[in-house]
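Here's the letter readout for the chains.
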Amino acid sequence: MRRFRMEIGIRDFNAGDADWLIAEHATHYRDAEGFDETFGPLVAEIIGAFLEDHDASCERGWIAHDGDKRLGSIFCVASDGGMAKLRLFYVDKEARGTGVAQALLDRCLTFARQSGYSGLTLWTHESHRAAGAIYKRNGFARVDAKEVHSFGVDLVEETWRIHF
């Protein structure tokens, strides 16, 4: 972990970030969770759909950075019933514990509220305990959990939700 102070900035996601974000997700989840090669294409599909068809007035993605170094990402996209969906929340290993995750989540929550959504929902895995802790600290509640076999491994999928 980096021991010196980061100058954390957050900017809008752009097409030039796509390859980095796909590779980071695929590599991280392969190494940390044992995910197979089907996970990277899912991330690519999500990013491709966002780039092709998002409504900038109510859907946005952000990249946390320290100068030119990308540190993480988060997306807010429309979902069903007036809710937004939090997607592609990722923080680089060396940026964990520095406040990057909270800064990204704050940006997403503020945007969702200002865009008129009634709340946010997200999907994750039980093994992502640090993510679950930050969701809980910020008022999210786990509303569903089920055992699945995805990406070549046995997992417990979780759905978390917050209402504004």
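Relevant structure appears above.
Quick notes on the rules
Residues numbered from 1 in each chain as written. Predicted model: local features only at pLDDT ≥ 70, side-chain atom pairs only at ≥ 80, totals over all residues. Heavy atoms only, no water. Phe/Tyr/Trp six-rings, centres within 6.5 Å; stacked < 30°, edge-to-face > 60°. Helix = DSSP H or I, 4+ residues; strand = E, 2+ residues; numbered from the N terminus. Buried < 20%, exposed > 50% of the residue type's maximum accessible area, 1.4 Å probe, protein only. Pairing = 2+ DSSP bridges. Expected span 1.5 Å × (residues − 1). Arc of directions from axis to C-beta. Salt bridge = Lys/Arg side-chain N within 4 Å of Asp/Glu carboxyl O. Axes fitted to C-alpha atoms, helices over the stretch in contact; angles between N-to-C directions. Contact = heavy atoms within 4.5 Å.

A.B. asks: Provide a residue-level description of the packing of aromatic side chains, including the pertinent values.
C.D. replies: Tallied over the full model, the rule gives 13 aromatic pairs. Ring centres 4.9 Å apart and planes at 80° place the aromatic pair F39 and F151 in the edge-to-face group. With F39 in helix α2 (residues 39–53) and F151 in the loop between β6 (141–150) and β7 (153–163), this pair connects stretches of sequence that are 112 residues apart. According to the relative accessible area criterion, F151 is buried, its value standing at 13%. Ring pairs connect the aromatic residues Y29, F35, F39 and F151, which therefore count as one cluster.

A.B. asks: Tell me about the pairing of strand β4 (residues 83–91), and please be specific about residues and values.
C.D. replies: The element β4 is extensively covered by neighbouring structure, given that seven of its nine residues are classed as buried. The pairing of strand β3 (residues 69–78) with β4 spans six bridges and is antiparallel. When the bridges of β4 are listed, F75 appears paired with R87. The antiparallel hairpin formed by β3 and β4 contains four residues in its connecting segment, where G81 sits at a positive phi of about 65°. Two elements, β4 and strand β5 (residues 119–125), share three bridges in a ladder whose sense is parallel. Across the sheet, the residue bridging to K85 is T121, located in β5.

A.B. asks: Tell me about helix α3 (residues 100–114), and please be specific about residues and values.
C.D. replies: The first and last C-alpha atoms of α3 sit 21 Å apart over 15 residues, in line with the 21 Å expected at 1.5 Å per residue. Turning to α3, its buried residues number three or more, namely V100, L104, L105, C108, L109, F111 and A112. Projected down its long axis, α3 shows its buried positions confined to an angular sector of 165°, all on one face. Just beyond α3, the residue with positive phi is G116, at close to 90°.

A.B. asks: Kindly report on the pattern of salt bridges, identifying the contributing residues and their values.
C.D. replies: As enumerated under the stated definition, the model contains four salt bridges in all. Taking the shortest distance from any N to any O, the salt bridge between R30 and D31 comes out at 2.9 Å. A relative accessible area of 46% places R30 in the partly exposed class. Between R142 and E158 there is a salt bridge; the shortest N-O distance is 2.8 Å. Highlighted residues: R142 in strand β6 and E158 in strand β7, separated in sequence by 16 residues. A network of salt bridges, in which partner residues are shared, links R11, D17 and R70.

A.B. asks: Residues and numbers for the sheet that holds β6, please.
C.D. replies: Here seven strands make up an open sheet; going across it, the order is β1-β2-β3-β4-β5-β7-β6 and the pairing mixed. In the strand order of this sheet, the two ends are held by β1 (8–12) and β6, each with one partner. Across the sheet, the mean angle separating the axes of adjacent strands is 25° when strand polarity is ignored. Relative to β3, strand β2 (residues 60–66) is paired through seven bridges, and the arrangement is antiparallel.

A.B. asks: Which residues make up helix α1 (residues 18–33), and what values do they have?
C.D. replies: Because an α-helix completes one turn every 3.6 residues, residues spaced three or four positions apart along the sequence face the same direction. The end-to-end C-alpha distance of α1 is 22 Å, a good match for the 22 Å that 16 residues give at a rise of 1.5 Å each. At its buried positions, α1 is contacted by α2, β2, β3, β4 and β7. A positive backbone phi angle near 80° is found at G34, which sits one or two residues after α1.

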